[in-house]
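Here is what each chain is made of, one letter per residue.
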2 protein chains.
Amino acid sequence: MGPADFKDFESTPRPSKEEYERRASELRVELVNAQFDLQHSDRTVLILVAGDDREGTHELIDLLHEWLDARRLRTEVFLEKTDEEQRHPAFWRYWRALPRRGQIGILLGAWSYEAIEGRLYGTSSEEDFERLSRHACNFERTLAVDGATVVKFWIHTPRKVLEKRQRKSAKSRYGRRSAERNQRFLDFHEKLVQLGEQYVARTEAPHAPWTVVSGKDPRGRDLLAAETLLRALQAGAGAAPTPTPMPTPEPADGAPTLAELDLGAELPSKPYEKRLAAAQERLSDLTIEASERGLSSVLVFEGPDAAGKGGAIRRMTRAMAAPVYGVVPIGAPSDEEQRHHYLWRFWKQLGRAGRMTIFDRSWYGRVLVERVEGFATEAQWRRAYAEIVEFEELLVESGAPLLKFWLHIDREEQLRRFEAREKTPYKKYKIGREDYRNRARWDDYVEAADEMFARTHRPHAPWHVVAAQDKRHARVVVIETVCAALAAKLAAD
Amino acid sequence: MGPADFKDFESTPRPSKEEYERRASELRVELVNAQFDLQHSDRTVLILVAGDDREGTHELIDLLHEWLDARRLRTEVFLEKTDEEQRHPAFWRYWRALPRRGQIGILLGAWSYEAIEGRLYGTSSEEDFERLSRHACNFERTLAVDGATVVKFWIHTPRKVLEKRQRKSAKSRYGRRSAERNQRFLDFHEKLVQLGEQYVARTEAPHAPWTVVSGKDPRGRDLLAAETLLRALQAGAGAAPTPTPMPTPEPADGAPTLAELDLGAELPSKPYEKRLAAAQERLSDLTIEASERGLSSVLVFEGPDAAGKGGAIRRMTRAMAAPVYGVVPIGAPSDEEQRHHYLWRFWKQLGRAGRMTIFDRSWYGRVLVERVEGFATEAQWRRAYAEIVEFEELLVESGAPLLKFWLHIDREEQLRRFEAREKTPYKKYKIGREDYRNRARWDDYVEAADEMFARTHRPHAPWHVVAAQDKRHARVVVIETVCAALAAKLAAD
């Protein structure tokens, strides 16, 4: 799509003061009513505010606070990143800030600013712009498919109008410092309009439409924005067409399958002790170096119950200093987590920069247990493949090595281990009725696992399927694989 | 209290391997059972791990992960602060990390590290140490009174033993880099032991006891720590004596009362427009400067319904750029918030450095609506005064100006405004049955407000009681007061 032309949006009606008051009064009632209905629904509303008219964006946010019930709004300003934000994947700060179902979130700048800023100041490339725009489309689509109403405003005001305002600004309600900031903004205005036009065209979508609002006449601006928002709120209540999810990723070449795994791999006790000690020592060194250099990493462990995930993780963590890693066990989502997109809780768990975050079970639950046990609808788990690939792309682009392990055992071995657990008093708690129930669906889990490997195996986020019939073999393979990936990354950086 | 002497704790029994295995097996069952009971209770468990034996602290955390059900644990490592953490009040990062009721949180370093670190490296004064120790005592007491079980371990190992370990470390499971880190730690060992002794003595309390664990013999260390934790979990289940809350602050001299307020203060329309415009312009400049200099501030608005809090806030926010402030409306707590100490949600809402955070109602709800309507027990709201004073002290110590406004009207004016709201279609939603119910308890609210002023009015966190019968007067007074405080702070820094 070619760039939009903001000139097309410059001529807005200029309502009189009386006209404005009359319509404002009606709109406010309807907005508050729509917000009330929203509150009891499963939907989230995201309002993105951006523009080439700095004061216009601020005034629109003021207006929304005044016209909506501010007690049920959450506004976040995302312009320059803090150090901590810079050291996390793109979109990390937006995911964390998403309002829960039933609420409205207003975001100033955010992902639109992130894509445009670097181009505006010449610190990023055309490819970065493309990449961030693509992620923005995927982000908005992911949320819209999950029931979010996404409304995007670009406040556009011609340079001449802004200049005239600047000249008057000594008399305005804003002070000298604000005028200085406007001036700085104004110096970049032409380029900002051009980038805005590109960005708006690039990220326009029926499920997340842009409204370019002329900032020339504040009354006209307010009414247009409020009416657009009201229509979106009302359409979101049922009339809007369901957006199409991102296309399901095609099965990847070279993805592993469980059938081709040699479960017989073994490692006798003597060579095990030796290789384990060597691998642990190396892991200790590598993770300290990664920590000093601010390199984060993410590990995922999946596999049947009792496959030895916990044991493998402990063999790693024992060799690492507590400050360099975090283990995140994943169980059923909490009430609060259920009021968000299912990926929200994983985004929130990404550890600070320089740390290894180890997920003991993960976002893959969506296409494994939730699929097999029917906790997710088919539409939900089917679209999750693409959502997961997108999520992992953002992780990998931030520089974090991502390693995904599937530890595998056969049904008989699982039963032996369950029985052994029941006989070990301090392991009894690890086994419950649902474990036996899951066993009954063994073949369904295998099918789900194979499809998951096929659809989410990626060069930079490969699956490592490890035979865990022999625990020693599995533990050593896992640690050696992690070491190799860390060493390669540290050498390359 | 004089410093503890860690030498007294150096002789720990050295269980044989068989003895260890036997007791470990029993302990693990009991720990998991106690954790299971905890899960269905209202209690939180906080385990603080610190020490002069770096590897010992890490190994203890590994052990807890192995012996407890790791799916219901949350471990956080708090050593050096990130930039963002540094720019927030002390204890901000710990409050945010508190586990919810029913869960266990393990914290490495944390507030003990914060007090000791500066002394160890010579970057802070004896007063800082005293101040942080005092806050630590208050923090632990606040949580313990709220039903938390606080368990603190200091792993102490004599220097000679650590040196011997270092010599062997080439052969250990830890690598070269880890040995380097240990060495750095070892260079400060003597001073660290000395500071540890001071800190432990300074922060010892029956409701948050220290256990000094010798790290000489790892098996002895593990058993002692696990047994201590188990006893604490079991005692927390009912046998432990209730800790005494912090003493209720005495009524302060110079605290305002509602009776002495002149509600007749008025500001006619003409001078209003002029003073408002001047104050807004000044506010705009000051907040931009504060933002550039990283100065955060916190504003609190309380007062009867319809006193004009929202209107006053909007007169401010209209003059400010959206990036420099955040408005936090406070309503009933969510499920998740109810599973934490009542102050948790306010800590979480403190905005990023350099911003003004405006609370529309606040933590004072505890001693106002929750007191009057009986949502909090008398013991809960009585102890809240001291907790609030402590919270605000931490805010103020971080350099943030804190302004607390009570906007006041009389009963008749409130009724007039309620009736006007009912007639304004877009304001109807602002009024509900509970508003009329609250009116019935007018005198109780006045009594609660007066006691609140008396007990929480502080030189650096004063209450500003503003006559709001005339909205214009209230708005101008509020903005001018904020400007004066910001200007004074910016001039002083």
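As the structure is a computational prediction, the values presented were derived from the model and not from experiment.

Asks: Quick rundown of the relation of the copies chain A and chain B? Include the residues and the values.
Replies: The relation between the two copies of this chain is a rotation about an axis and a shift parallel to it. Overlay of chain A on chain B (RMSD 0.0 Å): rotation 180°, translation along the axis 0.0 Å. Considering both components of the superposition, the chain copies are consistent with a two-fold axis. The overlap is high: 98% of the interface residues of chain A also sit at the interface in chain B, so the same surface is used on both sides.

Asks: Explain the sheet that holds strand β7 (residues 325–329) of chain A to me, and be specific about the residues and the numbers.
Replies: Residue and element names in this part refer to chain A. Spatially, five strands are ordered β7-β8-β6-β9-β10 in an open sheet, and the strand pairing comes out parallel. At either end of the open sheet lies a strand with only one pairing partner, and these are β7 and β10 (463–467). Here the strands of the sheet are splayed against their neighbours by 20° on average, with no regard to which way each runs. In this sheet, strand β8 (residues 356–360) lies alongside β7 in parallel orientation, the contact comprising five bridges. Bridge pairing in β8 places V327 opposite I358. On top of the sheet, helix α12 (residues 309–317) reaches β6 (297–302), β7, β8 and β9 (402–408); it is set at about 150° to β6, its chief contact.

Asks: Quick one: what's the story with the interface of chain A and chain B, residue by residue and with numbers?
Replies: Size of an interface, as often reported, equals the accessible area lost when the parts are brought together. On the chain B side, the residues contacting the 62 residues of chain A number 61 residues. Taken together, both faces of the contact between chain A and chain B bury some 5500 Å²; the carbon and sulfur share is 50%. For the interface between chain A and chain B, the tally reads ten salt bridges. A salt bridge links R339 of chain B to D335 of chain A; its shortest N-O distance comes to 3.3 Å. If you look at where chain A meets chain B, you find 16 residue pairs in polar contact (both at pLDDT 80 or more). When residues of the side of chain A that touches chain B are assigned to their parent elements, the largest contribution, eight residues, is made by helix α11 (residues 269–292) of chain A.

Asks: Outline the packing of aromatic side chains, supporting the account with residue identities and numerical values.
Replies: Evaluated as defined, the whole model comprises 48 aromatic pairs over all chains. For the ring pair F346 of chain A and W363 of chain A, a centre distance of 5.7 Å and an interplane angle of 75° mean the geometry is edge-to-face. Separated by 17 residues along the polypeptide, F346 of chain A in helix α14 (residues 344–349) and W363 of chain A in the loop between β8 and α15 (369–372) bring together distant segments of the chain. Owing to a relative accessible area of 0%, W363 of chain A belongs among the buried residues under this scheme. Ring geometry for F346 of chain B versus F359 of chain B: centroids 6.4 Å apart, planes at 65°, classification edge-to-face.

The rules behind the values
- Residues numbered from 1 in each chain as written.
- Chains lettered and ligands numbered in written order.
- Predicted model: local features only at pLDDT ≥ 70, side-chain atom pairs only at ≥ 80, totals over all residues.
- Heavy atoms only, no water.
- Least-squares fit on C-alpha atoms with pLDDT ≥ 70 in both.
- Contact = heavy atoms within 4.5 Å.
- Pairing = 2+ DSSP bridges.
- Helix = DSSP H or I, 4+ residues; strand = E, 2+ residues; numbered from the N terminus.
- Axes fitted to C-alpha atoms, helices over the stretch in contact; angles between N-to-C directions.
- Buried area = accessible area lost by both parts, 1.4 Å probe.
- Salt bridge = Lys/Arg side-chain N within 4 Å of Asp/Glu carboxyl O.
- Polar contact = N/O pair within 3.5 Å; in protein donor to acceptor, adjacent residues only side chain to side chain.
- Phe/Tyr/Trp six-rings, centres within 6.5 Å; stacked < 30°, edge-to-face > 60°.
- Buried < 20%, exposed > 50% of the residue type's maximum accessible area, 1.4 Å probe, protein only.

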